[in-house]
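Listed here are the chains, written in short residue letters.
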Amino acid sequence: MLRTIARTQCIKPSYQRSISCSHKLKTDNIYEVEDGPLETVVPPRGAKVVVCGGGVMGASVVYNLAKLGWGSETVLIEQNRVGGGTTWHSSGLIGVFKPSLAQVKLTKSSVDLYKHLESKGLSTGWKQCGSLNLARTRDRMTVFRRMKAQSVSWKIDCELLTPQECQEKCPLLNVDDLVGGLWIPGDGVGDPYETCLSVVGEAKKKGVKVVENCTIIKIHQKDGKVSGVETDLGPIDCEYFVNCAGFWARGVGQLSEPYVKVPLHAVEHYYLHTKPIPGLDSMTPVVRDQDGYIYFRENKGRLLAGGFEPVAKPAFEDGRIPASSKERYLPEDWDHFHILLEQLLHRVPHLGSAILDRLCNGPEAFSPDCKWIVGEAPEIRNYLIAAGMKTVGISAAGGVGKLTAEIIVNGETSFDMYELEVSRFLGLHNNRKFLRDRVKEVPGMHYGLCYPFHEFQTGRNLRMSPVYPKLREAGAVFGQVMGYERPTWFDIEQNQMESDSQDWFTPNRMAYTNTFGKPPWFDHVAAEYAACRESVGISDYSSFTKIDLWSKGNEVVESLQYLCSNDVDVPIGSIIHTGMQNKYGGYENDCSLARLSENHYMMIAPTIQQTRCKVWLQKHLPPTVTLSDVTSMFTALAIMGPFTRTLLSELTDTDLSPKNFPFFTFKMLDVGLANGIRTMNLTHTGELGYVLYIPNEFALHVYSSLIQAGEKYGIKHAGYYATRALRVEKFYAFWGQDLDTRTTPLECGRVWRVKFDKKVDFIGRDALLTQREEGVKRMYIQLILNDHCHETDLWPWGGEPIYRNGKYVGMCTTTGYGFTFKKQVCLGFVENPDQRGELLRVTNDYILSGDYEVDIAGIRYNAKVNIHSPILPTKYPDKERDVYQATRDKHDENIVVKAIK
């Protein structure tokens, strides 16, 4: 006879099938961390590295440092007992499929570490029981089919299942409402506490000193580099500091001057534990029912269950997180947990007759974008961060610990981690109230349906250009990037139908896609695209990163020549596109440079690079060069289309003829009644037009002047999705998607922007020369899909495998609909693997001789390949526009081909 849970007056009457309980609920540690006196260890007065945080992450960092020979120079500081932070109450799930390839590689590295430790007889709790992911909806099954297709690229073994096959994998399940599932046999579970102790034990054998019950009070820096730490047991001089403090990491970031931003906030996270269940198979797979927000696993003969509710409950909202587990205890909140409990009982009916052992409310920390936080802090050199692993610390620990140790010892890492680096954030992301609001929705993303172009609903209307109210009136539907509200498309009719009574803390309308097929914004974007190509489109570029660089002498020119692979010593008024390469020839930054005067440049870089590119510049610029971030000083408006020269001529006295103001040049213009408008004759889309960088006080006036004068030319607002479509169709590469720290200009068809013969050697020159001689091992291509119906077929959204002559050769990095081609366009990289999987040289002949297909969720579509930017037909052809090729200038390419031959 079922009995309802004791002490559950808050549980609704509908829970008559609730779990039985034979005794008072407990909230003990899951892994029973022993209490008792701690061994008193006096910290050394000096070390090379001090690691803060004795959880599984900190343990992995010191272990990997010891493996690289730095054990005797490393100190691990823990404010309580090793493994006593969030490690003791973690679920221990280890799933290899992650949102990005970087996270997949890091997780695989973690699994390799745990297998290695187990082979030595050290306990990690690693058990390869597989994971079973369930789908209740067609869209979820589409996600699984996309994952199955992508698994070829990421080398993950997985299998699509029917509902009946799901039940065969786990007989506990009710499968009546399922449409299918995804089986990942390589997944498993581990014991974070046992892993932590084993890893720390190995590190101690290699000389690492572990100091428990020690609190860090201050992190010192000198000349912008870590110089030491102050603890309550005495000071330690050191060269490197690693913040692995879990949900204390943000607070530890505030122990230095300047503060180091570590944007994390804790939320309540629940784990339900049963008493031992007779006959429960120890190899029961991890089950994730993401549509029901829940997961469960077998744990020592019991069931451990939890989930990620759609609206999370922030913890420690005042920012003060107690050090001791007793003070950190959070009472169970059955009202909040009920949405998960209801789904658990639905999915596992037998759970209703199980005996409850405890409901644990263990807080976990999340970042504002639901990604891990790693890398060197922008504020202080040699200050590294490894935090924000969002309940899956054991999945991340092995890989992140390895990459952190590699950065410290070698100055670089074998992992490409740009998307996880802390430099992706701005100061606004570390605002406590912003974090409190944002983390309410972040945990739900774990199991939410991640449709293309996901937008957060919280923390909105933070950064807005002065023309934001006008754009809102014009029907803008806003997305957010780096805190900036950016129009994605415009829908004036819908805007007029809706009430304008909403407050200014949220955009009038927020962007959404909510499908994997034809998106709801398609027709609006098509009209905006057409305006940019055949009349006049106006777009807000204000979110672009804008940096001024100058010096009294020519130091700024010499410095940029060293940093940039293109030649920056161009005539005043010229604009160049250039990469800033690292020593491998990969992209650290992709930007435009306008030479405003002899020793003054303006740099325009991608929005998401605002912090990252400044860090790269500051590392390499001498003190005699001044850097100023002017992103917030200028409103940027782009006008695009064949009539833009005529339109702008009506508002300025300057001669805009091609002879006086040619393509890829800069002039300071008066526009309307305003002056001092930095105007660039380019659009970043390949269309004719200009980008006007307007001092903010003149922004509304210039915008209104353009709109008024543009009426007779059919001026139309264009959002980001339209300008993106223009770029994709013209074969433009995107930073963070196509370009990254391991992609070179030779691979992506930009060798013509690399000036090997300039007088100053630039960073990465030797690597690029070597690659030019040996040939590239992968090549950036454009694929145009045939036999794909944009109305009824699933769309490519990025990550799709590319097949050549039936053989997997690469992956799509950027995709979009080509409104001129009237077909889907996929950009990506293709390799040439031999029978053993070794990569051979990729040539134009190899690319052009193949028959290509793109796999979209299990269906392959034939594709036509391009290696040059196409010249698109238009009513108003213009030599100036057509002469610019975004990818592969044919003349320079011939030179490279001859060099290779």
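Residues numbered from 1 in each chain as written. Predicted model: local features only at pLDDT ≥ 70, side-chain atom pairs only at ≥ 80, totals over all residues. Heavy atoms only, no water.

J.: Before we move on, could you go through the overall build of the chain and cite the residues and values that matter?
T.: The helix and strand inventory of the chain stands at 22 helices and 40 strands. Computed over C-alpha atoms, the radius of gyration of the chain comes to 28 Å, within 12% of the 29 Å expected from 2.2 N^0.38 for 901 residues, which places it in the range of a compact globule. With the principal axes as the frame, the chain shows a C-alpha extent of 85 × 65 × 60 Å. Residues counted as buried form 63% of the 901 residues belonging to the chain. A separation threshold of at least 6 residues defines the contact pool for the chain, and within that pool the share at least 24 residues apart is 73%. When the accessible surface of the chain is split by element, carbon and sulfur atoms take 50% of a total near 34,400 Å². (Helix = DSSP H or I, 4+ residues; strand = E, 2+ residues; numbered from the N terminus. Rg over C-alpha atoms; globule rule 2.2 N^0.38 Å. Buried < 20%, exposed > 50% of the residue type's maximum accessible area, 1.4 Å probe, protein only. Contact = heavy atoms within 4.5 Å. Areas by Shrake-Rupley, 256 points an atom, 1.4 Å probe, with all protein chains shown as cover.)

J.: Could you give an account of helix H14 (residues 555-563), with specific residues and numbers?
T.: Buried residues of H14: Val556, Val557, Ser559, Leu560, Gln561 and Leu563, and no others. Of the surrounding secondary structure, the elements contacted by the buried residues of H14 are strand E25 (545-550), strand E26 (575-581), strand E27 (587-597), strand E28 (600-605) and helix H15 (610-620).

J.: Can you tell me about the sheet that holds strand E11 (residues 234-237), naming the residues and giving the values?
T.: Strand-to-strand pairing in sheets goes through backbone hydrogen bonds, with the strands running parallel or antiparallel. In spatial order, the strands read E9-E10-E11; together these three strands make up an open sheet with antiparallel pairing. Where the open sheet ends on each side, the last strands, each with one partner, are strand E9 (216-222) and E11. Strand after strand, the sheet turns through a mean of 20° between neighbouring axes, direction not considered. Sheet topology places E9 next to strand E10 (residues 225-231); six bridges connect them, and they run antiparallel. (Pairing = 2+ DSSP bridges. Axes fitted to C-alpha atoms, helices over the stretch in contact; angles between N-to-C directions.)

J.: Which residues make up the packing of helix H1 (residues 56-70) against helix H5 (residues 192-205), and what values do they have?
T.: Geometrically, a packed helix pair is captured by the angle between its two axes and the distance between the axes. Following both chains from N to C, one finds H1 and H5 inclined at 25°, their axes separated by 8 Å at the closest point. Classified by the interaxial angle, the pair formed by H1 and H5 is roughly parallel. You can see that H1 and H5 cross each other, and the crossing is left-handed. Side by side, H1 and H5 meet where Val56, Ala59, Ser60, Val62, Tyr63 and Ala66 of the first sit next to Pro192, Thr195, Cys196, Val199, Val200, Glu202 and Ala203 of the second. Looking at the contact of H1 with H5 residue by residue, the class counts come to ten nonpolar, two polar and one charged. (Parallel < 35°, antiparallel > 145°, perpendicular 65-115°, else oblique. Left-handed = near helix turned anticlockwise from the far one by under 90°. Nonpolar A, V, L, I, M, F, W, Y, C, P; charged D, E, K, R; others polar.)

J.: Quick one: what's the story with the side chain of histidine 336, residue by residue and with numbers?
T.: Mapped onto the secondary structure, histidine 336 falls in helix H7 (residues 334-347). Apart from the residues within four sequence positions on either side, histidine 336 is in contact with Tyr270, Glu309, Val311, Ala312 and Lys313.

J.: Break down the confidence of the model for the chain for me, citing the residues and quoting the values.
T.: Mean pLDDT over the chain stands at 91; residues scoring 70 or higher make up 91%. Confidence drops under pLDDT 50 across residues 1-18; counting only partners more than four residues distant or on other chains, this segment forms 36 contacts. Across residues 891-901 the pLDDT falls below 50, and counting only partners more than four positions away or on other chains, this stretch makes 14 contacts in the model. (pLDDT = per-residue confidence, 0-100.)

J.: Help me get a handle on the pairing of strand E37 (residues 807-818), residues and values and all.
T.: Judged by how many residues are buried, E37 sits mostly within the fold: nine of twelve residues are covered. The antiparallel hairpin formed by strand E36 (residues 801-804) and E37 contains two residues in its connecting segment, where asparagine 805 sits at a positive phi of about 50°. With eight bridges joining them, E37 and strand E38 (residues 823-831) adopt antiparallel strand pairing. Across the sheet, the residue bridging to glycine 818 is lysine 823, located in E38.

J.: Tell me about the state of the cysteines, and name the residues and values.
T.: Structurally, a disulfide amounts to a covalent bond that connects the sulfur atoms of two cysteines. Inspection of the entire model under this criterion finds zero disulfides. The thiol of cysteine 591 is unpaired, and the distance to the nearest cysteine sulfur, on cysteine 564, comes to 5.4 Å. For cysteine 591, a relative accessible area of 4% corresponds to the buried category. No disulfide involves cysteine 812; its sulfur sits 4.1 Å from the nearest other cysteine sulfur, which is in cysteine 826. On the accessibility criterion, cysteine 812 (2% relative accessible area) is buried. (Disulfide = S-S within 2.5 Å.)

J.: Requested: an account of unusual backbone geometry, with residues and values cited.
T.: In this structure, proline 258 follows glutamate 257 across a cis peptide bond, with omega equal to 5°. Structurally, proline 258 is set in the loop between helix H6 (249-253) and strand E13 (265-267). Despite not being glycine, lysine 300 shows a phi value in the positive range, around 55°.

J.: How would you sum up the sheet that holds strand E1 (residues 49-52)? Please name residues and give values.
T.: Strand order in this open sheet of six strands is E8-E2-E1-E12-E21-E20, and the pairing throughout is mixed. Each having just a single partner strand, strand E8 (209-211) and strand E20 (373-376) make up the two edges of the open sheet. On average, each strand axis in the sheet is inclined to that of its neighbour by 15°, with strand direction left out of account. Across four bridges, E1 lies against strand E12 (residues 240-243) in parallel orientation. Looking at the pairing, valine 49 lines up with tyrosine 240 of E12. Here H1 sits on the sheet in contact with E1, strand E2 (74-77), E12 and strand E21 (383-387), set at roughly 160° to E1. Set on the sheet, helix H8 (residues 393-410) makes contact with E1, E12, E20 and E21; between it and E21 the angle comes to about 175°.

J.: Give me the lowdown on the pattern of salt bridges, citing residues and values where you can.
T.: Overall, the coordinates contain 41 salt bridges when judged by the stated rule. Among the ionic pairs, aspartate 291 bridges to arginine 140, the shortest N-O distance being 2.9 Å. Of the two residues, aspartate 291 sits in the loop between strand E15 (286-289) and strand E16 (294-299) while arginine 140 sits in helix H3 (residues 138-154), which places them 151 residues apart along the sequence. A relative accessible area of 18% places aspartate 291 in the buried class. Notably, a salt bridge pairs glutamate 202 with lysine 205, separated by 3.1 Å at the nearest N-O pair. (Salt bridge = Lys/Arg side-chain N within 4 Å of Asp/Glu carboxyl O.)

J.: Quick one: what's the story with the environment of threonine 635, residue by residue and with numbers?
T.: As for its placement among the helices and strands, threonine 635 is situated in strand E30 (residues 634-640). By relative accessible area, which is 0% here, threonine 635 ends up buried. Note: C-alpha distance between threonine 635 and leucine 471 (164 residues apart in sequence) is 13 Å. Not counting the four nearest positions on each side in its chain, threonine 635 is found in contact with Ser465, Pro466, Val467, Ser542, Leu692, Tyr693, Ile694, Asn696 and Ala699. There is a polar contact of 2.8 Å between the side chain of threonine 635 and the side chain of asparagine 696. (Polar contact = N/O pair within 3.5 Å; in protein donor to acceptor, adjacent residues only side chain to side chain.)

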